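Analysis of the macromolecular model
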Amino acid sequence: MELGTQITAAIAAVAVAAGGVVGASSGDGSDASPRTALVIDAATARDGRDLVDPRLQAGDAEVRLPRTAAEARTNVRYLAELGRRVVVAGPKATAAAASTGVAAVKARDLSDALAAARR
């Protein structure tokens, strides 16, 4: 296997693992599924050099951070099918909601999305 392919596979594995941590339930048997889900473009969810703004980990909403338009469409459709109230932020996530017909709450930026999730 080529070195570049190995590195890409390792990065993808880390991203999937991080996605499982962000928005994970406590596992205590209480409402394990958050009613609100945030789909925020990965670039919008950054905090300086941090890949994920710490405020996203502190909330109780399910979080998806798509890097591509295709990932955003998949995330928006999937979360809507689960019956979540979907909040989108960033151009890819906002366009995904529009193109899939999902009635998502549109946020201007990360702070706006976090505020919308608390409502």
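Before reading further, recall that the structure is shown in the block above.
I will try to describe carefully the structure that is included in this document.

Conventions used here
Residues numbered from 1 in each chain as written. Predicted model: local features only at pLDDT ≥ 70, side-chain atom pairs only at ≥ 80, totals over all residues. Heavy atoms only, no water. Helix = DSSP H or I, 4+ residues; strand = E, 2+ residues; numbered from the N terminus. Expected span 1.5 Å × (residues − 1). Buried < 20%, exposed > 50% of the residue type's maximum accessible area, 1.4 Å probe, protein only. Arc of directions from axis to C-beta. Contact = heavy atoms within 4.5 Å. Pairing = 2+ DSSP bridges.

A closer look at helix α3 (residues 69-81)
Given a rise of 1.5 Å per residue, 13 residues ought to cover 18 Å, and the 18 Å separating the end C-alpha atoms of α3 matches this to within 8%. Turning to α3, its buried residues are A72, N75, V76 and L79. Angularly, the buried residues of α3 cover 95° about the axis, an arc narrow enough to put them on a single face. For α3, the elements touching its buried residues are β1 (36-40), β2 (62-64), β3 (85-89) and α4 (91-100).

Points about α4
For α4, every residue scored as buried is listed here: A93, A96 and A97. Buried positions in α4, seen along its axis, are confined to an arc of 95° and lie on one side of it. α4 presents P91, A98 and S99 as exposed residues on the side facing more than 90 degrees away from its buried surface. The inward-facing, buried residues of α4 abut β1, α3 and β3. Backbone geometry just after α4 places G101 at a positive phi near 80°.

Concerning the pairing of β1
Taking burial as the measure, the five residues of β1 include five buried ones, the bulk of the element. Side chains of β1 alternate between two faces, with T36, L38 and I40 and A37 and V39 buried alike. Bridge analysis of β1 against β3 gives five bridges, and the strand direction is parallel. Counterpart to T36 in the pairing with β3 is R85. As paired elements, β1 and β2 share three bridges and run parallel to each other. Residue V39 lies in a different strand from β2, and its bridge partner there is R64.

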